[in-house]
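# Observations on the model geometry
This is what each chain is made of:
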Amino acid sequence: MTTLAIADGRVLRPDLTVTAADVLIDQDSGDIREIGPDLAGEADDTLDAADSLVTPGFVNGHCHVAMTLLRGYADDKPLETWLREDIWPAEGELTAADIRAGAELGLLELIRSGVTAFADMYFQVPEVAAAVETAGLRARLGHGIVTIGKDGETAREDAATGLEIAREYDGAADGRISTAFMPHSLTTVGSEYLDEFVPKAREAGVPIHYHANETADEVAPIVDEHGVRPLEYAADRGLLEPEDFVAHGVHVDETEIDLLAEVGTGVIHCPASNMKLASGMAPVERLREAGVTVGLGTDGAASNNDLSMLDEARDAAMLGKLAADDASAVPAEAVVEMMTRGSADAVGFESGRLEEGAPADLAVIDLEQPHLTPPHDLVSHLAYAAAAADVRHTVCDGRVLMRDREVLTLEAAAVRERALEAAEAVAERADA
Ligand SMILES: CSC[C@H]1O[C@@H](n2cnc3c(O)ncnc32)[C@H](O)[C@@H]1O
Ligand SMILES: [Zn+2]
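Cut-offs and rules
- Chains are numbered independently. Their residues run from 1 in the order of the written sequence.
- Going through the entries in the order they are written, you letter the chains from A and number the ligands from 1.
- Where local features are concerned, this predicted model is filtered to residues with pLDDT of at least 70; where side-chain atom pairs are given and counted, the filter is 80 or more; whole-chain, interface and lining totals use all residues.
- The basis for the side-chain values is all heavy atoms of the structure; hydrogens and waters are excluded.
- Numbered from the N terminus, helices here are DSSP runs of H or I no shorter than four residues, and strands are runs of E no shorter than two.
- How far a helix is expected to stretch is found by multiplying one less than its residue total by 1.5 Å.
- Two axes enter the bend calculation: one fitted to the seven residues ending at the residue in question, the other to the seven starting there, and the bend is the angle between them.
- Only protein chains enter the accessibility calculation, which uses a 1.4 Å probe. A residue is then buried if its area is under 20% of the maximum for its type, exposed if over 50%, and partly exposed in between.
- Pairs of residues are marked as contacts when any of their non-hydrogen atoms sit within 4.5 Å.
- Each C-beta atom gives one direction from the helix axis, and the arc is the one those directions make.
- A cutoff of 4 Å decides nearness: a residue is near a molecule or strand if any of its heavy atoms lies inside that distance of it.
- Whenever a nitrogen or oxygen atom comes within 3.5 Å of another N or O atom, the pair is scored as a polar contact, on the condition that within protein one atom can donate a hydrogen and the other can accept it, and that pairs from neighbouring residues in sequence are kept only if both atoms are in side chains.
- Accessible surface area values rest on a Shrake-Rupley calculation with a 1.4 Å probe, where residue burial reflects the displayed protein chains alone.
- Polarity classes work like this: nonpolar for Ala, Val, Leu, Ile, Met, Phe, Trp, Tyr, Cys and Pro, charged for Asp, Glu, Lys and Arg, and polar for all others, with Gly in that last group.
- UniProt positions are given in the numbering used here, feature names are shortened, and annotations may be inferred rather than shown by experiment.

### Some points on helix α1 (residues 79-91)
- Counted at 1.5 Å a residue, the expected span for α1 with its 13 residues is 18 Å, but the 15 Å between its end C-alpha atoms falls short.
- Approximately 30° is the largest bend angle found in α1, and it occurs at Glu85, with the proline Pro89 only one to four residues beyond.
- Within the sequence span of α1, burial applies to Leu79, Trp82, Leu83, Asp86, Ile87, Ala90 and Glu91.
- The inward-facing, buried residues of α1 abut β7 (115-122) and α14 (412-431).

### Let's talk about helix α3 (residues 125-135)
- Looking at α3, one finds that the buried residues are Val125, Val128, Ala129, Ala131, Val132 and Ala135. An end-on view of α3 places all buried positions within 160° of arc, on one side of the element.
- Taken together, the buried residues of α3 touch α2 (96-112), β7, β8 (138-145), α4 (152-169), β9 (177-179) and β17 (399-403).
- Note on α3: the residue one or two positions beyond its end, Gly136, has a positive phi of about 90°.

### Comments concerning the site of ligand 1
- In the region of ligand 1, 20 residues are neighbours, and Trp88, Glu91, His184, Glu214 and Asp299 sit closest.
- Separating a nitrogen atom of ligand 1 from a side-chain N or O atom of His184 is a distance of 2.8 Å.
- Separating an oxygen atom of ligand 1 from a side-chain N or O atom of Glu214 is a distance of 2.7 Å.
- Surface burial for ligand 1 is 99%, taken as the share of its 450 Å² of free accessible area covered by protein chains.
- Here the shell around ligand 1 is composed, by residue class, of 11 nonpolar, six polar and three charged.

### What about the UniProt feature "binding site: substrate" (unreviewed entry) in the protein?
- In the numbering adopted here, UniProt assigns the feature "binding site: substrate" (unreviewed entry) to Glu91, His184, Glu214 and Asp299.
- Within the secondary structure, Glu91 is located in helix α1.
- On the accessibility criterion, Glu91 (9% relative accessible area) is buried.
- The residues touching Glu91, leaving out its near neighbours within four places in the chain, are Met67, Leu70, Tyr122 and Phe123.
- Looking at the secondary structure, you find His184 in the loop between β10 (182-183) and α5 (191-204).
- With residues up to four places along the chain from it excluded, the contact list for His184 reads Trp88, Met121, Ile145, Val146, Val189, Tyr210 and His211.
- Within the local environment of His184, its side chain forms a polar contact with the side chain of Thr188, the two groups lying 2.7 Å apart.

Encoded structure:
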């Protein structure tokens, strides 16, 4: 057995207490073997965690990682206008190589900010999967299906691609890649395609992930056409099962909150994107009170505009208080849980907790920083004060992806160079 020790750190345990301990990892299985005092002496390799917090790796529950290429390309518009006027035309210009370049840039950013697992919806999934394989992260990937505005044959082909990708890539990269069937949303995919393909996705044993109840404009047509709320419509079409997870869930009413809680479908809260696109304030405190599994996601870099889950946690706490008009709503403990175990449970990863037998997915945060001093409460620091640049080491599946702020699995300068070139060329083609 080859072992790695995370030595002399303060370890964030599943009950959110912090204990001084080493973490011993079995690198062959990729799992945590033991957490306790004086374990580093026996290890083959050691990561120093003195004056540092050892936390579960953050889980980005909803992302479009290749959208890093469109960061800053179009800002300050509401969702529908932003997608139709800017983002979809630009995405129409993306080649497979562009998506690989954008995905690698996104993965670099994720590793550097302590993310070890993420869920991603995009096109050209084989390119995203190849980037994930190299970068060493854990991911649930899916092809984002859109059928509106397409003729019947093309629309059906897109849905079939979504199913094919979900089947083919599930278990790739030694099991680090899993998949989901991913219709873009309840208004951008026709009901006939949901009715045909959702049962096939169930047969394939993959969960379903989609944008839901993101804006008020998206809710109204479903209520008008079908006479029920969007998540009732989703349940009627078989899109609301315990293993499924939806992104946003901003405009959900009490019936839908109860439905989510009853069924066990998770919600990935994306506060930065919801604020930037002025989509609204998700009722996070109500969702949590009702017992809904709530995770956190950044959404794409074009609506955020970064992929830092530490920023997202702070946004979630701040916005949660504003939405509930209550300073005690969505406290630090809640957002730390959401960015780790909440997202992991919603997306269907075993990670998100540091305990014996759990996947060795973790991040080490440098506490020797002015903005993290004094260390009264490290959960508070994670929620409110820590930043991506404070992450020293990132480990996924027992493998060191970043050591002393140097990413080992990707060539940072070359990744940035390729992304710069691709982004410039895409913008030129899209603006021509
Ligand atoms: C069809 S692949 C995924 C698709 O989703 C688009 N997208 C990015 N952010 C959002 C959002 O907040 N709501 C809805 N759709 C979004 C992305 O540009 C891709 O086209
Ligand atoms: Zn999204």
